[in-house]
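# Residue-level structure breakdown
What follows is each chain in one-letter form.
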Amino acid sequence: MNKRFLSTIAFAGAAAFALAGCSTETGSTGSSSSTAEAESTGGSDAAASDVITVGFAQTGAESGWRSANTDSMKAAFSEDNGFELIFNAADNDPAAQISAVRNFINQGVDAIVIAPVVEDGWDDVLQEAADAGIPVVLEDRTVSASEDLYASWVGLDFHAEGVKAGEWAAAEFGDTETNMVVLEGTTGSAPANERAAGFDEAIAGTGITTIDSQTGDFTRDGGKSVMEGYIANYGLDGIDLVYAHNDDMGLGAIEAIESAGGVPGEDIKIVTIDAVKDGMQALVDGKINYIVECNPLLGEQAAQIVKDVLAGTAVEKAYYVEDQAFTQEQAAEVIDTRPY
Ligand code: GYE
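Residues numbered from 1 in each chain as written. Predicted model: local features only at pLDDT ≥ 70, side-chain atom pairs only at ≥ 80, totals over all residues. Heavy atoms only, no water.

What follows is about the site of the ligand. Every one of the 13 residues lining the ligand counts as a neighbour, but E62, D140, R141, N246 and D274 are closest to it. A distance of 3.1 Å is found between an oxygen atom of the ligand and a side-chain nitrogen or oxygen belonging to S63. Relative to its unbound accessible area of 300 Å², the ligand is 100% covered by the protein chains. Taken together, the residues that form the shell around the ligand break down as five nonpolar, two polar and six charged. Lining the shell around the ligand are residues from two domains, each supplying at least three of them: domain 1 (4–156 + 295–323) and domain 2 (158–293). (Near = heavy atom within 4 Å. Polar contact = N/O pair within 3.5 Å; in protein donor to acceptor, adjacent residues only side chain to side chain. Areas by Shrake-Rupley, 256 points an atom, 1.4 Å probe, with all protein chains shown as cover. Nonpolar A, V, L, I, M, F, W, Y, C, P; charged D, E, K, R; others polar. Domains from an automatic or database assignment.)

Dropping the structure here:
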């Protein structure tokens, strides 16, 4: 697979300041009754035939990362940029997301963009899109289906993110006997699978032991309730480290630790992934110890890929966007300039 690393700085600025464009919500059930509503309502000089109709099947609205990603997509797939966007958020239900994609196929959209909730189960509907001659571009998460079934993907290297988080933990704890609990992302999702694997590789041979690992579904509430269970089972003293697959679950864990009378970031160290605003603030406040970035501003790249694919311009199968990582001190330096 070709890896091409793109700098996101230019995209970040553009996406942060662009206004959200014309978009149509199809609701959380993926109802296809929105074709009429999806009509453009002015503001564009483009002839109707030049407008690119795109169905975007988003995972849901589970996290701060997801909100920033949705905003970026809506800004890029705007009427001013020549698009008519039909937006669907599947509430993290894989079946609902597949049915939303089927609805897009039935509506005869020009292209479909998917942020797949889970990796598996995509073969049939991707084949249906291919049979209908509708190109599919993936953004954010990946699928296990053959790459012949989609045109391209743009997103982050989740495995590398897990490695970076694990390298921090390995350096922080070394040979010291350390009890770690994990707050996993959505079961079966690419970031949950790959962030787990990368982290485990990086901590191999250290004194860190995973004493428990459960899904918090990438949500703040999920992270909080799983952490409450961990504290009930192991006690605050029995846990040294939390690895949360995203900031929101880490923020939920902070609430749970504080309600139990503990001091997050001190009694229990926390490492997370995303670097969204609330996470970075908690890092600056000393409640999180390290954050690996996952850039959600993928809209500009996704829109360009769709245009290229429809124009017959060759595209790569995969576009990786680079991530950074932040200590508490580094977070304090950059927090005011972050676009999300
Ligand atoms: O880390 C998490 C979101 O797929 C990379 O999904 C994305 C993840 C992100 O819910 O916050």
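The structure having been displayed, the exposition proceeds.
With that settled, consider the sheet that holds strand β12 (residues 290–293). If you trace the six strands from one edge of the open sheet to the other, you get β9-β8-β10-β11-β12-β14, paired in mixed fashion. The sheet terminates laterally at β9 (208–215) and β14 (325–326), the two strands that pair on one side only. As judged from the four bridges shared by strand β11 (residues 269–274) and β12, these two strands associate in the parallel manner. Within β12, the position partnered with T272 by the bridge is I291. (Pairing = 2+ DSSP bridges. Helix = DSSP H or I, 4+ residues; strand = E, 2+ residues; numbered from the N terminus.)

On inspection of all chains with the given rule, the structure shows twelve salt bridges. One salt bridge connects R195 with E161, and the closest N-O pair in it is separated by 2.8 Å. With a gap of 34 residues between them, R195 in helix α6 (residues 190–203) and E161 in helix α5 (residues 158–173) connect regions that are remote in the sequence. Of the charged contacts, one joins E255 and K224 as a salt bridge, the two residues approaching to 3.7 Å between their closest N and O atoms. Residue E255 is located in helix α8 (residues 247–259), and its partner K224 is located in helix α7 (residues 220–234); the two are separated by 31 residues in the primary sequence. Residue class for E255 comes out partly exposed when judged on its relative accessible area of 35%. Judged by its relative accessible area of 26%, K224 falls in the partly exposed class. Members of the salt-bridge network, linked through shared partners, are E62, R66, D140 and R141. (Salt bridge = Lys/Arg side-chain N within 4 Å of Asp/Glu carboxyl O. Buried < 20%, exposed > 50% of the residue type's maximum accessible area, 1.4 Å probe, protein only.)

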